Amino acid sequence: MVQSRRPARTTLVERQGRERMKQVGHETLSSLERAREALESWINARDFQPAIRFVEENLANLTGKGISESEILWYLAARVYSGAMKLPEALRMARQAEVSLSRLGETTVLAQTYITLGVILRDMGELDEAERSLRDAESIFRRSDHIEGQADALNKLAQLAFMRSDMTQAVSLLTEAIELARIENNTRRLAYLYGNLGRVQSFLGKSREALKNLSLNVNLSEKMGDKTEVARSRLSLGYERLRMGALAEADTEFSKSKVLIDDLNLLSEEVLYHLYEGELKTRRGEFDSARESLTHAFRLAERRAQGSDLAGRARRQLAELAIEEKDFRRALRHARSSELIFEKLDEKIDLGALCRVQAQALAGLNRPDEAISKIERSLEILDESGAQFELAVALEWAGSCELFSPHKSLAYLFRAQEKFARRGDVISRERIERKVEKLPGFTSEVRGASTASRRSSPKSSVRYENPDLVVASAEMRRIVSQLEMIRGCDLPVLLTGETGVGKGILAKHFHSVSRPEGPFVSINITNVPESLLESELFGHAKGAYTDAFEKFQGILISANGGTLFLDEIGEMPLTLQMRLLTVIEEKRFRPLGSTKEIAVDFALITATNCDLKRMVEEGRFRRDLYHRLDGFTFNIPPLRERKEDIPKLLERFLRRYGLLDENEKPEAELVHHCLTHSWPGNVRELENLVKRMKAFSSLVQEGSLIELVRSTFENEREVREETLSDQVGRFEKQLIEEALIAANWNKSRAARLLKVNESTLRAKMRRFSVSWDQNGNSQRSRMAG
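Below or above, wherever it landed, is the structure these notes cover. (Residues numbered from 1 in each chain as written. Predicted model: local features only at pLDDT ≥ 70, side-chain atom pairs only at ≥ 80, totals over all residues. Heavy atoms only, no water.)

**Examining the sheet that holds strand β3 (residues 493–496)**
Thinking step 1. Pairing within the open sheet is parallel, and its 5 strands lie in the order β4-β5-β8-β3-β9. In this open sheet, the two strands that pair with only one neighbour each are β4 (520–524) and β9 (632–635). On average, each strand axis in the sheet is inclined to that of its neighbour by 15 degrees, with strand direction left out of account.
Thinking step 2. Of the strand pairs in this sheet, strand β5 (residues 563–567) and strand β8 (residues 603–608) are connected by 4 bridges, and their pairing is parallel. The residue bridging Leu-564 from the neighbouring strand is Leu-604, located in β8. (Pairing = 2+ DSSP bridges. Helix = DSSP H or I, 4+ residues; strand = E, 2+ residues; numbered from the N terminus. Axes fitted to C-alpha atoms, helices over the stretch in contact; angles between N-to-C directions.)

Dropping the structure here:
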């Protein structure tokens, strides 16, 4: 049932406020300072109604008299109306404060006014204007070395980036704000910044980090006695647990938050509470109660500000509820109302999620073409926004809706499983595995592979027939299992990930389970000059071009009946991408200089460390080719994110290069060093380390390998323990030394190379104890002499 609002009562703060109003008088006040104190007191207590009455009765008499103190009252009045969500009035007063305070120069109060103005414009959906105001505030605070204000402005800018679905920018701004709060040693600010960072991480699918930072937010806020922030952070923490499927834990967090929300009369948080409760009850199947909560949330949101994002989300949740109740027409009506709001506010994540809801309703009404269009649009928007949870939900529905072919459905489910697995959502991951087993068109052998993968222990390592393939981490085991499941599919496989993560090894493994009797033909696009690449791929007839003295069949023909692996596909010239697309679609092509078409049949695997989506948007990669290659996509995580693989890989390489006997295990210190290393070169770097160890093995006494690796990790440890200032200083010293060498130790020339004054160069040389000549003599040693 919807909880009734408590009867109005006079709070201690309001009684004190009324006493304060009596003290300052209802007529024109003799002291502007006392009026300022009264308003600030109400604002800090979030008790806006008496403040509004005070402003309406006294502001006209207190301002416009040319006294600088009176200009601040416009700013405080704007904060009062903004806090009460009376946005048009708040905007008018904030503009008046901006005009009045600008006459006084770049003051702190002007910067605070810009922040208030930015918040008002943000809540009104004017995001571009809001950003300009917040940027102005941040600039003033930065120039005046006002750390607290700068951190606040950065936090508000991060909120804007979040609303625009620019999560990378939001994380960057919040990280900068957190560093400032640490310098300031402001625990209260650190608390809510950690909370905001946790909310962004939640959308990015980083559930573990989100839970960690939101819990930190709760703990710090409770220690500081900041009940408002505790209420907000418990709501966010509960919602993240709701997304993880931990319904009981989510309910507990919501209940704790509700007590504080009622006590503090937090309007926005009350809307969020009823929204989250409605979603929780929907998941539990308590549809009547869910409808009451969501309807109440919508009414509160509309009372707060018509057409707000919260009102749109309430409508969206009502649409989701209608789908659960199989009332698809009602779902479309709610969705349309929500869509109008989100389009006006340019809320991309909500629009993407809403497209998925609309697709579900259209599918329920047996309108498959429209449903397919909507779900594809949903996936496109959510993929661009980086909202991993909503993307995972949309992918799961796309793979389960029976609107696509079994192979396409499987590709969607695999991607959804990856997203949920990276969030640590075991419940959703296993639910998708069960859906995979039920897909039509797959053999019992494939279903058995899926079942065996699910039942195997996530902590046990798995070794396959491919001697180069060693996996112990759950993520790599999932990828290998899925590769084996699609061995009979004819869709291309795209492997993405950093250089050296093992994409080539996985390609060979896929070949070994899909077409083991055929050839495995591999080519790295970057290793072939562009002028020769077309001939290398497609072959040529004799006399096709100058120096074509004999016929060459090309690797496409060589791969016939087997597997073709195109590494670094992102480097393929645009002129050849169309030809490759034609081969993929038609399974035939003409070699250079030939009039005869040749039919080919091969499994295609491509790999890249580039962001192909961005390349498509920049016009550097064909969109149609990208969508053809994106049949089954697997993102291979870097070695630093799958540390369980490191000991097994190390052991395998040590045995391969004869540094470890069959019954031996790597020394514990060696394993420890490897586990703490960041491995920017991934598996390839680990193998190269073992190769260096092999090269110097003759220097080892009594078979110990430790001394050979300590020096390798020592430099990285020193850098890791340095402060940012130390690292910048080390970099500056390196640049100075390189410039001196290039200038043959002529300091005037070196200064010109570095584009600094010679006096500046000399000062930095003294600071960093840089040698003053090629013999290594330093200013310090000369002075000592």
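**Structural notes on the packing of aromatic side chains**
Thinking step 1. Using the criterion set out here, one finds 9 aromatic pairs in the structure.
Thinking step 2. Each ring, one from Phe-414 and one from Phe-634, has its centre 6.3 Å from the other, and the planes form 45 degrees; the classification is tilted. A residue pair is termed long-range when its members are at least 10 positions apart, and Phe-414 in helix α21 (residues 406–423) and Phe-634 in strand β9 qualify at 220 residues.
Thinking step 3. Since its relative accessible area comes to 4%, Phe-414 is described here as buried.
Thinking step 4. Here the aromatic residues Tyr-239, Phe-254 and Tyr-276 are joined through ring pairs into a cluster of three or more.
Thinking step 5. Geometry around Phe-420 places Arg-431 over its ring, the cationic atom sitting 5.9 Å from the centre.
Thinking step 6. Directly above the ring of Phe-538 sits Arg-579, whose terminal nitrogen or CZ lies 4.0 Å from the centroid. (Phe/Tyr/Trp six-rings, centres within 6.5 Å; stacked < 30°, edge-to-face > 60°. Buried < 20%, exposed > 50% of the residue type's maximum accessible area, 1.4 Å probe, protein only. Lys NZ or Arg CZ within 6 Å of the ring centre and 35° of its normal.)

**Describing the pattern of salt bridges**
Thinking step 1. Evaluation of the coordinates by the stated rule reveals 53 salt bridges.
Thinking step 2. Between Glu-279 and Arg-283 there is a salt bridge, and its shortest N-O distance comes to 3.8 Å. Of this pair, Glu-279 and Arg-283 both sit in helix α14 (residues 267–284), 4 residues apart, which is roughly one turn of that helix.
Thinking step 3. With a relative accessible area of 11%, Glu-279 lands in the buried category.
Thinking step 4. Among the ionic pairs, Glu-325 bridges to Arg-291, the shortest N-O distance being 2.4 Å. One end of the pair, Glu-325, is in the loop between α16 (309–324) and α17 (328–345); the other, Arg-291, is in helix α15 (residues 287–304), with 34 residues separating them in the sequence.
Thinking step 5. Residue classification places Glu-325 among the partly exposed residues on the basis of a relative accessible area of 24%. (Salt bridge = Lys/Arg side-chain N within 4 Å of Asp/Glu carboxyl O.)

**A few points about the side chain of Asp-425**
Thinking step 1. Considering the arrangement of structural elements, one finds Asp-425 in the loop between α21 and α22 (426–438).
Thinking step 2. Given a relative accessible area of 1%, Asp-425 falls into the buried group.
Thinking step 3. Only 3.4 Å separates the side chain of Asp-425 from the backbone nitrogen of Ile-427, close enough to count as a polar contact.
Thinking step 4. With sequence-adjacent residues up to four places away left out, Asp-425 is seen in contact with Arg-243, Met-244 and Phe-420. (Polar contact = N/O pair within 3.5 Å; in protein donor to acceptor, adjacent residues only side chain to side chain. Contact = heavy atoms within 4.5 Å.)

**Overview of helix α8 (residues 147–163)**
Thinking step 1. For α8, spanning 17 residues, the distance from its first C-alpha to its last is 25 Å, which sits close to the expected 24 Å at 1.5 Å a residue.
Thinking step 2. Among the 17 residues of α8, 13 are classified as buried, and the element is accordingly described as predominantly covered.
Thinking step 3. In the stretch just after α8, Ser-165 is the one whose phi turns positive, near 70 degrees. (Expected span 1.5 Å × (residues − 1).)

**Let's talk about the packing of helix α18 (residues 348–364) against helix α19 (residues 368–385)**
Thinking step 1. One can describe the packing of α18 onto α19 by two numbers: an axis separation of 8 Å at closest approach and a directional angle of 160 degrees. Comparing the axis directions of α18 and α19 gives the class roughly antiparallel. The interaxial crossing formed by α18 with α19 has left-handed handedness. Across from Lys-348, Ile-349, Gly-352, Ala-353, Cys-355, Arg-356, Gln-358, Ala-359, Leu-362 and Ala-363 in α18, the residues of α19 making contact are Glu-370, Ala-371, Lys-374, Ile-375, Arg-377, Ser-378, Ile-381, Leu-382 and Ser-385.
Thinking step 2. Residues belonging to the contact of α18 with α19 are distributed by class as follows: 10 nonpolar, 4 polar and 5 charged. (Parallel < 35°, antiparallel > 145°, perpendicular 65-115°, else oblique. Left-handed = near helix turned anticlockwise from the far one by under 90°. Nonpolar A, V, L, I, M, F, W, Y, C, P; charged D, E, K, R; others polar.)

**Notes on the environment of Arg-135**
Thinking step 1. Within the element layout of this structure, Arg-135 appears in helix α7 (residues 127–143).
Thinking step 2. Overall, the relative accessible area of 33% leaves Arg-135 in the partly exposed class.
Thinking step 3. Here the alpha-carbon distance between Arg-135 and Lys-156, two residues 21 residues apart in the chain, equals 9.7 Å.
Thinking step 4. Leave out the neighbours within four places in its chain, and Arg-135 touches Leu-157 and Gln-169.

**Considering the environment of Leu-639**
Thinking step 1. With respect to the helices, strands and loops of the structure, Leu-639 is situated in the loop between β9 and α31 (645–656).
Thinking step 2. Since its relative accessible area comes to 0%, Leu-639 is described here as buried.
Thinking step 3. Taking C-alpha positions, Leu-639 is 9.9 Å from Arg-684, a pair spaced 45 residues apart along the chain.
Thinking step 4. The residues touching Leu-639, leaving out its near neighbours within four places in the chain, are Asp-645, Ile-646, Leu-649, Trp-679, Asn-682, Val-683 and Leu-686.

**Focus: the environment of Phe-621**
Thinking step 1. By secondary structure assignment, the location of Phe-621 is in the loop between α29 (612–617) and α30 (623–629).
Thinking step 2. Overall, Phe-621 belongs to the buried group, its relative accessible area being 2%.
Thinking step 3. Distance from Phe-621 to Leu-574, taken between C-alpha atoms, is 6.5 Å for residues 47 residues apart in sequence.
Thinking step 4. For Phe-621, the residues in contact, after removing those within four places along its chain, are Ile-569, Gly-570, Leu-574, Gln-577, Leu-612, Met-615, Val-616, Tyr-626 and Leu-629.

**Quick look at the pairing of β4**
Thinking step 1. Covered by surrounding structure in β4 are Val-521 and Ile-523 only, the residues Phe-520, Ser-522 and Asn-524 on the alternate face being uncovered.
Thinking step 2. Relative to β5, β4 runs parallel, the two sharing 5 bridges. By the bridge assignment, Ile-523 is partnered in β5 with Leu-566.

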